[in-house]
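If you want the building blocks of each chain, they are given just below.
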Amino acid sequence: MNPDLVIEVDAIRKAYGPTVAADDVSFAVRRGEIFGLIGPNGAGKTTTMECVEGLREPDAGRIAVLGLDPVRDRRALQLRIGVQLQEAQLQKRIKVWEAVAFWRSLYPTAIDGDPLLRQLGLHDKRDAWFMTLSGGQKQRLFIALALVNDPEVVFLDELTTGLDPQARRAIWDLVHDIRERGKTVFLTTHLMEEAERLCDRVAIIDHGRIVDVDPPAKLIERHCPQRTVVVATDHDGAADRFRAIPSATAVRREGGRHEIEGRGDTLVTDVIHTISEHRMPVSEFRTVLPTLEDVFLTLTGRSIRA
């Protein structure tokens, strides 16, 4: 096994009857990175992650996590990884500190629970019942439970689904914190902004197959190279001037508002030069850059999935 890789997935397949959830899936996760598996609902994200965690056995293919087989070496692997499950729940009247103490008791070595709760902003809630916690607090508790054995690899499955923007961003900060502590993070999400903000690299999965793998910026550059400059000006002939820009591929005009679409790094500079050269009065100027969501829609389509 390559020492720089903590997860290697080679051509795995997993089917449930006639439904193929993972079909010839291959990727690798490097040590110390945040790696995201993204895709539409039902694309195979959770099944793939559960196979990597050892919770499900693939029908074919090979998986190595920290050099271990997740099925054959399940017990040894469980001591070295931390898992936050998508559908996790606890007893309603278990207290926060009790949950952490119970999880610590499951491992031969574990870190002190109090500093962990303090770091995750839960120390003031250590005596609170699970059922009284907010959605964000519950997610932070599940992250605490995933970290209590000081794992080398942390698995996070749809960790911010259903949370408000403030709670979501707080958990994003926590994920960066986990990586800064030297851990490797493997997460699944269907939130493109989350993947773009958090991940060093992402793998896009659709219909059980990996479509592409790369850093978000490279995926955007490869699949959505177009960018748009929006200019509001009442200058006569502005649209014709913008259409004459070599890097512009389309110009749309609505009143005095112009949308100049093009490719390449020179488009913005070319538009600014045209505005300056023809002394155009401008009341609005902004650029619209493609995002990972645009890549996602380009590669997986725009139809709603069940």
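Here, the structure is the one placed above.
Residues numbered from 1 in each chain as written. Predicted model: local features only at pLDDT ≥ 70, side-chain atom pairs only at ≥ 80, totals over all residues. Heavy atoms only, no water.

(A) Structural detail: the environment of Asp173. Within the fold, Asp173 resides in helix 6 (residues 165–180). Measuring from C-alpha to C-alpha, the distance between Asp173 and Leu198 comes to 8.9 Å, with 25 residues separating the pair along the chain. (Helix = DSSP H or I, 4+ residues; strand = E, 2+ residues; numbered from the N terminus.)

(B) Broad picture of the pairing of strand 6 (residues 153–157). Counting buried residues along strand 6, 5 of its 5 residues qualify, which places the element largely inside the surrounding structure. Burial along strand 6 is two-sided: the face carrying Val153, Phe155 and Asp157 and the face carrying Val154 and Leu156 are both buried. For strand 5 (residues 81–84) and strand 6, the ladder comprises 4 bridges, and the chain directions are parallel. Residue Ile81 lies in a different strand from strand 6, and its bridge partner there is Val153. Two elements, strand 6 and strand 7 (residues 184–189), share 5 bridges in a ladder whose sense is parallel. Paired with Val153 across the strands is Thr184, a residue of strand 7. In the classification by handedness, the crossover that spans strand 6, the intervening helix 6 and the parallel strand 7 is right-handed. (Buried < 20%, exposed > 50% of the residue type's maximum accessible area, 1.4 Å probe, protein only. Pairing = 2+ DSSP bridges. Right-handed = clockwise from strand over helix to strand, strands pointing away.)

(C) How the structure looks around the packing of aromatic side chains. Inspection of the entire model under this criterion finds 6 aromatic pairs. Taken together through their ring pairs, the aromatic side chains of Phe27, Phe35, Phe155 and Phe186 make up a single cluster. Sitting over the ring of Trp129, Arg93 keeps its end group 5.1 Å from the ring centre. Over the aromatic face of Phe130 sits the side chain of Lys138, whose NZ or CZ is 4.9 Å from the ring centroid. (Phe/Tyr/Trp six-rings, centres within 6.5 Å; stacked < 30°, edge-to-face > 60°. Lys NZ or Arg CZ within 6 Å of the ring centre and 35° of its normal.)

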